[in-house]
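# Examining the three-dimensional arrangement
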Amino acid sequence: MDDILLERHELGERLKAWLAGAPAEAFAISLEQLSDGRVLLRPLPEASPELLARLRVTMAKYREALMNLT
């Protein structure tokens, strides 16, 4: 799955308002599609920038390993 980069004008008003109340520094969120069709966005304040960087490296290695299998 590839990253999706959205411009702010592409976001719905409710999401823009939610983000406006977020901390000024960068933060991570989880996005979950629920069985009833709704989507849950949850802030992850405990995810430090260092943890996210390590996660990106791990995911890139995992993706590369999968590509080598095919």
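Residues numbered from 1 in each chain as written. Predicted model: local features only at pLDDT ≥ 70, side-chain atom pairs only at ≥ 80, totals over all residues. Heavy atoms only, no water.

## Examining the overall build of the protein
Counting secondary structure elements, the protein contains 2 helices and 2 strands. Along the protein, helices (α) and strands (β) appear in the sequence α-β-β-α when read from the amino end. What you see for the protein is a C-alpha radius of gyration of 15 Å, clearly larger than the 11 Å of a compact globule of 70 residues, by over 25%. Overall, the C-alpha framework of the protein stretches about 45 × 30 × 25 Å when taken along its three principal axes. (Helix = DSSP H or I, 4+ residues; strand = E, 2+ residues; numbered from the N terminus. Rg over C-alpha atoms; globule rule 2.2 N^0.38 Å.)

## Quick notes on the pattern of salt bridges
Summed over all chains, the structure comprises 2 salt bridges. Between Lys16 and Glu13 there is a salt bridge; the shortest N-O distance is 3.4 Å. Of the two residues, Lys16 and Glu13 both sit in helix 1 (residues 13-20), 3 residues apart, roughly one turn of that helix. When its relative accessible area of 19% is taken as the criterion, Lys16 is described as buried. Put simply, Asp36 and Arg38 hold a salt bridge, and the shortest N to O gap is 2.8 Å. Taking the relative accessible area as the measure of exposure, Arg38 reaches 54% and is therefore exposed. (Salt bridge = Lys/Arg side-chain N within 4 Å of Asp/Glu carboxyl O. Buried < 20%, exposed > 50% of the residue type's maximum accessible area, 1.4 Å probe, protein only.)

## So, helix 2 (residues 49-69)
For helix 2, spanning 21 residues, the distance from its first C-alpha to its last is 31 Å, which sits close to the expected 30 Å at 1.5 Å a residue. When you tally the buried positions in helix 2, you get 0 out of 21 residues, a small fraction of the element. (Expected span 1.5 Å × (residues − 1).)

## Some thoughts on the pairing of strand 2 (residues 39-44)
Pairing of strand 1 (residues 28-33) with strand 2, which is carried by 6 bridges, proceeds in the antiparallel orientation. Opposite Ala28, over in strand 2, you have Leu44 as the bridge partner. Between strand 1 and strand 2, which follow one another and run antiparallel, lie 5 residues, and Gly37 among them has a positive phi close to 95 degrees. (Pairing = 2+ DSSP bridges.)

## Topic: the confidence of the model for the protein
Chain-level pLDDT for the protein is 87 on average; 96% of the residues reach the 70-or-more range. Mean pLDDT in the protein bottoms out at helix 2, which sits at 89, and peaks at helix 1, which reaches 91. (pLDDT = per-residue confidence, 0-100.)

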